[in-house]
Each structure stands twice: as structure tokens, then as C-alpha cells.
Amino acid sequence: MPGLAYIIIRRALLLILALIVVVFLTAFIIGATGYDQKIWNAIIIEEARVYRDSLQKARNLTSQQINDLVANYTLQLRSIYGVDKPWTERVIPLALNVLVLRLGDVMSNDVAQVVGRQLPLTVSDAILTVLPRTILMITVAEIIVIILGLLIGPRAAFRAGSIYDRSVIAYAAVMNALPLWWLALIFLFIFGYDLGIAPTSGRGAISAINSIMSGDLSSIPTLLYYMWLPVTTIVINFLGGTAYSIRATLIRVVREDFVTVAQAKGLPEKYIYRSYILRAAAPPIATYIALSLAGSIGGFIITESVFDWPGMGTLYYAAITTGDASTIIGLTYVFTLVYVIARMILEILYIFLDPRVRY
């Protein structure tokens, strides 16, 4: 039987290997497919066209002079964006630097606009700026969902087959069938455009968050005004699935013999839940909670776009659509790193929740 330290170290090494593989696989997809180069070439062509138009307005330049200036300008842009180099020299160094936490610089103005700053801007600064916005919108909603799910799910498991239990199942079925982004569109139309009691864009939250982070707590009501609709939408949509998952996990434990014996002894329901059921069901519930919170850090690309919320998902979307390789690789690294840390915490937590875990 391997020792506890050996198991933890082996798990940590496997997770670190997974992190490295994900980063290099992302770099390979971006570079080998020519994805970023095609986007940058399109941007260069457009910038060269705008430059040519500006030169043509200067009447003292001949056509040959304009062509020469545009050609030189195009070469400069190709050098600045790095598309004059093979992808192995352009993208692989980004992946190597990311592994030692040098995330590089943001290349796209669209990405900088999401952050609310101007270039030059480092990827690490961009992520650190937008991460609190995603935590305020999505992680807060996830925490509310988990708390409510832990209240609703066990109650449904104890009353399997009752009207309460069937209501939870029906609610979960409806919410699972309804995409979050679609529900977000409906709520935004009703509460934002029709009733006018919610903002139609979350960009105004940037100044409120910046004010609060600088110590001005008077901006909290403004922030809550921007947060309430996105958070409420996520809670309504995710609560059904979370409550049902917890119910499904607990209902198998509720039907075990040792729970039946405890009920036959007349022990209080809360005592049975805490002392008999929760401990047995703790590992899968802890897994669900940890991975849900870790996943919330990455943001929701479509949902953030619907609410025009400048968080991690919107940053990722802007980086993908503009071929900003350094930002894409940096974000992928951060998302995977958060997942790896969550998994590592779970691996250690499993040992305490269930001492039989030795695999």
C-alpha cells in the first residue's frame, strides 16, 4: 500500500503534466493551423488600406510613392505582429514563457478595450483586472446556487416521491432544457428593455468596481444595480441542476440500511442528515462544489456577451476573434491552473473525507 505522501506527489505530478500538455496543445492549435496568422493578415490588410486612403488625400504624392510607403508600412506591421516569423518561433516561445508565469503582452486593441485600458498592456494585468468582475457575477451566483442547492436537494431526497420532490425534478428538467444564454436574453428584454429596471449593459460596473477597490464603498449600490440581473439569471438557471444532482447523490445514501436503522430509532432528521448521510455523500458533493467554483473563474463567454459584462469570458472571446495568441495561451493557462489547484485540493480532501481512498 503506497504512503500518503507518495499518493499526493504522484497526483500532483500528473496534474502538472496535464497543465503543460494543455498549454502546448493550445499553442500547437493556434500556430500549426495558421489561425492567428490569418486573422493578423486580415488586420494588416485593413490597416494598410486605411493608411493608403490617408496617403491618397495628400495630393503631392505620386502613385509610386504611395505604393512604396504602403509596402514599407505593411512590412512594419508584419514585424510588429510577428507574422513574418514561422509559427514555431512565434507561438512556442509564448507557451514556454507562460509556464514560468511570463504571460507576455496583449496584442489586440479589442482585448484592451474589454479591460478598459490602452495598449501597451500585459496579459497578467488584463487578467487581474477582469477576474474580479467575473467573480462578482458568476462565482457569487455559483455560491448562492450551491447554498440553495444544499438546502433544497437533501429535503427532496428525504421526501422522495412527494410533491416537493417531484417539483424539484420538474424544475431541474425545465432549467436543464433551457440554455442559460437564452434565459439571459429573455430576462434582459423583459427587465432591461421593457420594464427598464435593469441595465442593458454591464460596462458601467467597471467604474463601480474600480471605486470600491480604491476604498470608495459608496459605489456598492451602483455595483449591485449592475449585478442583480446577471446573478439572478444564473441562479435561476443553475439551481435546478444543482439541487437535482445533490438529491441524486443523497437519495442513494438515504436508502442505505444504516439510515433506515437510524430513522427506526427515532433520531431527528437533522441529526441523521449531519451524522449519517452527509459524511457518506461528502466526496461527490465536495467534487461538484469545488469544480463548479473553479469553472466559474473562467467566465461564461456567451452569457457575459449577452449582458455585455466585461469579464473573463468576454476577454477570452475578444482574444479568440482577434487572434491574440499571447492572451489566449495566458487565459488557457490560468483556467487550467485553477482547475489543477481545485483538483489537488480535492485529492487531499478525499483522504480526510474518506480514509479508504488510496488509489
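Values in this document were obtained by computation on a predicted structure and should not be read as measured data.

## Some words on the overall build of the protein chain
Point 1. When you go through the protein chain residue by residue, the secondary structure sums to 16 helices and zero strands.
Point 2. Here the C-alpha radius of gyration of the protein chain, 26 Å, is well above what a compact globule of 359 residues would show, namely 21 Å.
Point 3. C-alpha atoms of the protein chain, sized along the principal axes, occupy 100 × 60 × 40 Å.
Point 4. Buried residues in the protein chain amount to 42% of all 359 residues.
Point 5. In the protein chain, the proportion of contacts linking residues at least 24 apart, taken out of those at least 6 apart, comes to 74%.
Point 6. Carbon and sulfur atoms provide 65% of the accessible area of the protein chain, an area that totals close to 18,800 Å².
Point 7. One finds the centroid of the 27 positive side-chain charges in the protein chain at a distance of 9 Å from the centroid of its 22 negative side-chain charges.

## A look at the packing of helix α13 (residues 269-297) against helix α16 (residues 325-353)
Point 1. Interaxial distance between α13 and α16 falls to 9 Å at its minimum, and their mutual angle equals 165 degrees. In terms of axis orientation, α13 runs roughly antiparallel to α16. Of the two elements, α13 crosses α16, and the hand of that crossing is right-handed. Between α13 and α16, the residues in contact are Arg 279, Ala 282, Pro 283, Ala 286, Thr 287, Ala 290, Leu 291, Ala 294 and Ile 297 and Phe 335, Val 338, Tyr 339, Ala 342, Arg 343, Leu 346, Leu 349, Tyr 350 and Leu 353, respectively.
Point 2. For the contact of α13 with α16, the residue count by class is 15 nonpolar, one polar and two charged.

## Re the pattern of salt bridges
Point 1. Overall, the coordinates contain seven salt bridges when judged by the stated rule.
Point 2. Between Glu 46 and Arg 49 there is a salt bridge, and its shortest N-O distance comes to 2.6 Å. Within this pair, Glu 46 and its partner Arg 49 are both found in helix α2 (residues 35-56), separated by three residues, close to a single helical turn.
Point 3. The partner of Glu 347 in a salt bridge is Arg 343, with the nearest N and O atoms 3.0 Å apart. Here Glu 347 and its partner Arg 343 are both found in helix α16, four residues apart, which amounts to about one turn of the helix.
Point 4. Glu 347 gets classed as buried once you look at its relative accessible area, which sits at 8%.

## Points about the environment of Thr 232
Point 1. If you trace the backbone, Thr 232 turns up in helix α11 (residues 220-254).
Point 2. Here the alpha-carbon distance between Thr 232 and Arg 102, two residues 130 residues apart in the chain, equals 37 Å.

## Notes on the packing of aromatic side chains
Two aromatic rings, taken as a pair, are described by how far apart their centres are and by the angle between their planes.
Point 1. Counted under the stated rule, the structure contains nine aromatic pairs.
Point 2. Summarising the aromatic geometry, the rings of Trp 40 and Tyr 81 are spaced 4.3 Å apart at their centres and angled 20 degrees between planes, so their arrangement reads as stacked. Residue Trp 40 is located in helix α2, and its partner Tyr 81 is located in helix α3 (residues 63-81); the two are separated by 41 residues in the primary sequence.
Point 3. Measuring from centroid to centroid gives 5.2 Å for Tyr 316 and Phe 335, while their planes differ by 50 degrees, and the two rings are tilted. On the criterion of sequence distance, the pair formed by Tyr 316 in helix α15 (residues 312-322) and Phe 335 in helix α16 is long-range, its members being 19 residues apart.
Point 4. Exposure remark for Tyr 316: the relative accessible area of 15% places this residue in the buried category.

## Some remarks on the side chain of Asn 237
Point 1. Here Asn 237 lies in helix α11.
Point 2. A relative accessible area of 6% means that Asn 237 is categorised as buried.
Point 3. Setting aside chain neighbours within four positions, we find Asn 237 in contact with Met 175, Leu 178, Pro 179, Leu 180 and Leu 183.

## Digging into the environment of Thr 249
Point 1. Along the polypeptide, Thr 249 turns up in helix α11.
Point 2. Between the C-alpha atoms of Thr 249 and Val 338, which are 89 residues apart in sequence, the distance is 25 Å.
Point 3. Not counting residues within four places of it along the chain, the set of residues in contact with Thr 249 comprises Ala 281, Pro 284 and Ile 285.

Conventions and cut-offs
Residues numbered from 1 in each chain as written. Predicted model: local features only at pLDDT ≥ 70, side-chain atom pairs only at ≥ 80, totals over all residues. Heavy atoms only, no water. Helix = DSSP H or I, 4+ residues; strand = E, 2+ residues; numbered from the N terminus. Rg over C-alpha atoms; globule rule 2.2 N^0.38 Å. Buried < 20%, exposed > 50% of the residue type's maximum accessible area, 1.4 Å probe, protein only. Contact = heavy atoms within 4.5 Å. Areas by Shrake-Rupley, 256 points an atom, 1.4 Å probe, with all protein chains shown as cover. Lys, Arg positive; Asp, Glu negative; His and termini not counted. Charge placed at Lys NZ, Arg CZ, Asp CG, Glu CD. Axes fitted to C-alpha atoms, helices over the stretch in contact; angles between N-to-C directions. Parallel < 35°, antiparallel > 145°, perpendicular 65-115°, else oblique. Left-handed = near helix turned anticlockwise from the far one by under 90°. Nonpolar A, V, L, I, M, F, W, Y, C, P; charged D, E, K, R; others polar. Salt bridge = Lys/Arg side-chain N within 4 Å of Asp/Glu carboxyl O. Phe/Tyr/Trp six-rings, centres within 6.5 Å; stacked < 30°, edge-to-face > 60°.

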